[in-house]
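Take a look at the letters that make up each chain.
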Amino acid sequence: MEFAQFKHIEKSYKGKNIIETEDYLEDICCMSASSRFETIWRYLKIAPEIREKLERIPELQKPFSAIAAAKKMGLF
């Protein structure tokens, strides 16, 4: 959903999307679900003491928001 919103913002800001994804949005969403699973799996393989240190960093506990990033970049 955030990817679709980001593409909308990109198009309204630049007049077009850098990469046309309208025909492939469903594929991109499915790929991101698989990628997310792989990322979680790799994270779980990190040594527990290192994961504990990472989990104490507040900035890393916030979910990434493409919309918030676009706003900070002045695109929105």
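Residues numbered from 1 in each chain as written. Predicted model: local features only at pLDDT ≥ 70, side-chain atom pairs only at ≥ 80, totals over all residues. Heavy atoms only, no water.

(A) How the structure looks around the overall build of the protein. Check the secondary structure of the protein and you find five helices and zero strands. For the protein, with 76 residues in total, the buried portion stands at 13%. Long-range pairs, those at least 24 residues apart, make up 41% of the contacts in the protein between residues at least 6 apart in sequence. A total accessible area of about 6700 Å² is found for the protein, and carbon and sulfur atoms account for 62% of it. (Helix = DSSP H or I, 4+ residues; strand = E, 2+ residues; numbered from the N terminus. Buried < 20%, exposed > 50% of the residue type's maximum accessible area, 1.4 Å probe, protein only. Contact = heavy atoms within 4.5 Å. Areas by Shrake-Rupley, 256 points an atom, 1.4 Å probe, with all protein chains shown as cover.)

(B) Here's a closer look at the pattern of salt bridges. One pass over the structure, following the stated rule, counts one salt bridge. In this structure, Glu 52 and Arg 56 form a salt bridge, with 3.4 Å as the shortest nitrogen-oxygen distance. Arg 56 sits in the exposed class, given a relative accessible area of 55%. (Salt bridge = Lys/Arg side-chain N within 4 Å of Asp/Glu carboxyl O.)

(C) Spatial organisation of a nonpolar patch on the surface. A contiguous nonpolar surface patch, about 450 Å² in accessible area, is contributed by Phe 37, Ile 40, Trp 41 and Leu 44. Here Leu 44 lies in helix 2 (residues 25–44). (Patch = residues over 30% accessible without salt bridge, like charges linked within 9 Å, V, L, I, M, F, W, Y side chains within 5 Å.)

(D) Molecular detail of the side chain of Arg 51. Here Arg 51 lies in helix 3 (residues 48–55). For Arg 51, which is buried and forms no salt bridge, the nearest opposite charge comes from Glu 55, at a distance of 4.6 Å. Beyond its immediate sequence surroundings of up to four residues, Arg 51 is in contact with Tyr 43, Leu 44, Lys 45 and Ile 46. (Lys, Arg positive; Asp, Glu negative; His and termini not counted.)

Geometry only, nothing functional implied.
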